[in-house]
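Take a look at the letters that make up each chain.
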Amino acid sequence: MQVPAGNEPTPVEYLRSLDGIDRLAESLDCQFRLPFTKIRFGWDPVLGLIPIAGDLVSAALAIRIVVVARRLGAPGPLVRRMAYNVAIDVVFGAIPLAGTVFDIFFRANLQNVHLLMNDIRSKRVR
């Protein structure tokens with residue numbers, strides 16, 4: 001699928017896919033708020049508390065965002081950058097306890113969705 005040009009209508013399926021990965025990224029990275037703070041976190045650091053299995057599930061969900069981005073027309077360099085963010089998240093997130101703190105602040109999934117949205121905006125403005 002290609003990013004629709006600025007003068008073309010955006011297909012409903014395209015919008016649904018974008019909305020789906022946006023909601024997934026938000027649930028993984030900022031679904032909850034620590035009481036009495038502005039610190040937000042999602043299921044990614046929570047899953048990271050479960051040794052091995054939690055990290056695998058979290059990585060699979062993060063990879064899903066990258067795969068959908070590619071299907072939506074993200075260029076190769078952007079997909080590689082997104083995959084790099086996922087790799088950093090997986091490697092550092094796998095460290096017991098410190099990885100959980102890292103996951104709270106790194107937010108690879110939200111970063112990836114923002115990268116994709118910026119790319120789409122730049123192509124639609126042309």
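Conventions used here
Here the residue numbering is sequential within each chain, running from 1 through the sequence in written order. Residue-level local features of this predicted model are given only where pLDDT is at least 70; pairs of side-chain atoms are given and counted only at 80 or more, and the full residue set underlies all totals for whole chains, interfaces and linings. As a convention, hydrogens and water are excluded, and side-chain values are obtained from all of the structure's heavy atoms. Secondary structure elements follow DSSP: runs of H or I of four or more residues count as helices, runs of E of two or more count as strands, with numbering from the N terminus. For the radius of gyration, the atoms used are the C-alpha atoms, and the globule rule reads 2.2 Å times the number of residues raised to 0.38. Any residue under 20% of the maximum accessible area for its type is buried, any over 50% is exposed, and the rest in between are partly exposed; the area is computed with a 1.4 Å probe on protein chains only. By the counting rule applied here, Lys and Arg register as positive and Asp and Glu as negative, while His and the ends of each chain are not counted. Charge positions are represented by NZ for Lys, CZ for Arg, CG for Asp and CD for Glu. Any Lys or Arg side-chain nitrogen found within 4 Å of a carboxyl oxygen on Asp or Glu counts as a salt bridge. Each axis is a line fitted through C-alpha atoms, taken for helices only over the stretch in contact, and angles between the N-to-C directions span 0 to 180 degrees. For this classification, under 35 degrees means roughly parallel, over 145 means roughly antiparallel, 65 to 115 means roughly perpendicular, and everything else is oblique. Only heavy atoms matter for contacts: two residues are in contact if any of them lie within 4.5 Å across the pair. Should the near helix be turned counterclockwise from the far one by less than a right angle, the crossing is left-handed, whereas a clockwise turn marks it as right-handed. To estimate the expected span of a helix, subtract one from its residue number and multiply by 1.5 Å. Any two of the Phe, Tyr and Trp rings considered here, Trp counted by its six-membered ring, make a pair once their centres fall within 6.5 Å; the pair's planes then place it as stacked at under 30 degrees, edge-to-face at over 60, or tilted in between.

(A) Up close: the overall build of the chain. Looking only at helices and strands, one finds 6 helices and 2 strands in the chain. For the chain, the sequential pattern of α-helices and β-strands runs α-β-β-α-α-α-α-α. Taking 126 residues into account, the globule formula puts the C-alpha radius of gyration at 14 Å, and the chain, at 15 Å, falls close to it. If one aligns the C-alpha atoms of the chain with their principal axes, the spans along those axes are about 50 × 30 × 20 Å. Counting every position in the chain, which comprises 126 residues, the buried fraction comes to 40%. Averaging the locations of the 15 positively and 11 negatively charged side chains of the chain gives two centres separated by 5 Å.

(B) Region of interest: the pattern of salt bridges. As enumerated under the stated definition, the model contains 2 salt bridges in all. The residue aspartate 19 makes a salt bridge to arginine 23 at a minimum N-O spacing of 2.9 Å. Here the residue aspartate 19 and the residue arginine 23 both occupy positions in helix H1 (residues 12-29), the gap between them amounting to 4 residues, near one helical turn. For lysine 123, the salt bridge is made with aspartate 119, and the minimal N-O distance between the two is 3.1 Å. Of the two residues, lysine 123 and aspartate 119 both sit in helix H6 (residues 108-125), 4 residues apart, roughly one turn of that helix. Overall, the relative accessible area of 24% leaves lysine 123 in the partly exposed class. On the basis of relative accessible area, aspartate 119 is assigned to the buried category, the value being 15%.

(C) View of the packing of helix H3 (residues 53-71) against helix H4 (residues 76-93). Direction vectors running N to C along H3 and H4 enclose 175 degrees, while the axes themselves pass 10 Å from each other. Classed by the angle they form, the pair H3 and H4 counts as roughly antiparallel. Only Gly76, Val79, Met82, Ala83, Val86, Val90 and Gly93 of H4 make contact with H3, whose side of the interface consists of Asp55, Ala59, Ala62, Ile63, Ile65, Val66, Ala69 and Arg70.

(D) Spotlight on the packing of H1 against H3. With their axes 10 Å apart at the nearest point, H1 and H3 run at an angle of 155 degrees to one another. Here H1 is positioned roughly antiparallel relative to H3, judged by the angle of their axes. In this structure, H1 crosses over H3, and the sense of that crossing is left-handed. Contact residues: H1 offers Ser17, Ile21, Leu24, Ala25 and Leu28, while H3 offers Leu61, Ile65, Val68 and Arg71.

(E) Molecular detail of H4. Between its first and last C-alpha atoms H4 spans 25 Å; for 18 residues at 1.5 Å apiece the expected length is 26 Å, and the two agree. Of the residues making up H4, those classed as buried are Leu78, Val79, Met82, Asn85, Val86, Ile88, Asp89 and Gly93.

(F) Local environment of H1. Taking 1.5 Å of rise per residue, the 18 residues of H1 would be expected to cover 26 Å, and the 26 Å separating its terminal C-alpha atoms lies within 8% of that figure. If you check which residues of H1 are buried, you get Tyr14, Ser17, Leu18, Ile21, Leu24, Ala25, Ser27, Leu28 and Asp29.

(G) Here's a closer look at the packing of aromatic side chains. The full count for this structure, using the stated rule, is 4 aromatic pairs. Aromatic side chains phenylalanine 92 and phenylalanine 102 sit 5.3 Å apart centroid to centroid with 40 degrees between the ring planes, which places their arrangement in the tilted category. Taken as a pair, phenylalanine 92 in helix H4 and phenylalanine 102 in helix H5 (residues 98-106) lie far apart in primary sequence, 10 residues in all. What makes phenylalanine 92 partly exposed here is its relative accessible area of 41%. When its relative accessible area of 24% is taken as the criterion, phenylalanine 102 is described as partly exposed. Pairwise contacts between aromatic rings join Phe32, Phe41 and Trp43 into one cluster.

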